[in-house]
Amino acid sequence: MKINFINETKEDIKEYKKMIREIFKFEKSKTFFNLIFVDANKIQEINRDYRGIDKVTDVITFALNDNPALLTFGDDSELGDVFICLERAYQQALDYGHSKEREIGFLAVHGYLHLKGYDHMNPEDEKVMFAKQDEILNNAKLFR
């Protein structure tokens, strides 16, 4: 799998890119997605404009499979975009008592799983998604 990294912040994301590539090295598909790092203002704008929620959030995903007209066919298909707010991730790492790396890794995996069609809108789906999330994070040795 390929990940296109886009940094719209002033943060140095070199180590995060390396870590995220390591997390996903076990995902053996020919799909790709875009991982965009943004600041609090940008994610609030996206959240307001696309979800009608005018507040900062940690991660937002836009899956291309949500709009069949945008899908490409074949092995090299794009899954969509994952936006991660670094400021929010840093605060959540402090709140949860784990590293920034673990929080950013978690958000990348969480967003990726949404792109793959996983969700947590009901208890059954949540159990499946969170089990897959934990499996990927544990394989990457990113524990809470």
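Residues numbered from 1 in each chain as written. Predicted model: local features only at pLDDT ≥ 70, side-chain atom pairs only at ≥ 80, totals over all residues. Heavy atoms only, no water.

Draft legend 1. Just the packing of aromatic side chains, in detail. In this structure the tally under the stated criterion is six aromatic pairs. Relative to Phe62, the ring of Tyr50 lies with its centre 5.2 Å away and its plane at 75°, an arrangement referred to as edge-to-face. Residue Tyr50 is located in helix α2 (residues 40–51), and its partner Phe62 is located in strand β3 (residues 59–63); the two are separated by 12 residues in the primary sequence. Across from the ring centre of Tyr90, 4.3 Å away, lies the NZ or CZ of Lys100, which sits over that ring. (Phe/Tyr/Trp six-rings, centres within 6.5 Å; stacked < 30°, edge-to-face > 60°. Helix = DSSP H or I, 4+ residues; strand = E, 2+ residues; numbered from the N terminus. Lys NZ or Arg CZ within 6 Å of the ring centre and 35° of its normal.)

Draft legend 2. Here's a closer look at helix α3 (residues 86–96). Looking only at α3, the buried set comprises Leu86, Ala89, Tyr90, Gln92 and Ala93. The buried residues of α3 all sit within an arc of 165° when viewed along its axis, so they share a single face. Counted as exposed and oriented over 90 degrees from the buried face of α3: Leu94 and Asp95. Buried residues along α3 sit against α1 (14–23), β2 (32–38), β4 (78–85) and α4 (100–115). (Buried < 20%, exposed > 50% of the residue type's maximum accessible area, 1.4 Å probe, protein only. Arc of directions from axis to C-beta. Contact = heavy atoms within 4.5 Å.)

Draft legend 3. Expanded view of a negative patch on the surface. Taken together, the side chains of Glu11, Asp12, Glu15, Glu87 and Glu101 present a region of like negative charge at the surface. Mapping Glu11 onto the fold places it in the loop between β1 (2–7) and α1. What makes Glu11 partly exposed here is its relative accessible area of 37%. (Patch = residues over 30% accessible without salt bridge, like charges linked within 9 Å, V, L, I, M, F, W, Y side chains within 5 Å. Areas by Shrake-Rupley, 256 points an atom, 1.4 Å probe, with all protein chains shown as cover. Salt bridge = Lys/Arg side-chain N within 4 Å of Asp/Glu carboxyl O. Lys, Arg positive; Asp, Glu negative; His and termini not counted. Charge placed at Lys NZ, Arg CZ, Asp CG, Glu CD.)

Draft legend 4. Structural detail: the pattern of salt bridges. If you walk through the whole model with that rule in mind, you get four salt bridges. A salt bridge links Glu22 to Lys25; its shortest N-O distance comes to 2.5 Å. Exposure remark for Glu22: the relative accessible area of 42% places this residue in the partly exposed category. Between Lys132 and Glu135 there is a salt bridge, with the nearest N and O atoms lying 3.9 Å from each other. Of this pair, Lys132 and Glu135 are both found in helix α5 (residues 123–139), three residues apart, which corresponds to roughly one turn of the helix.

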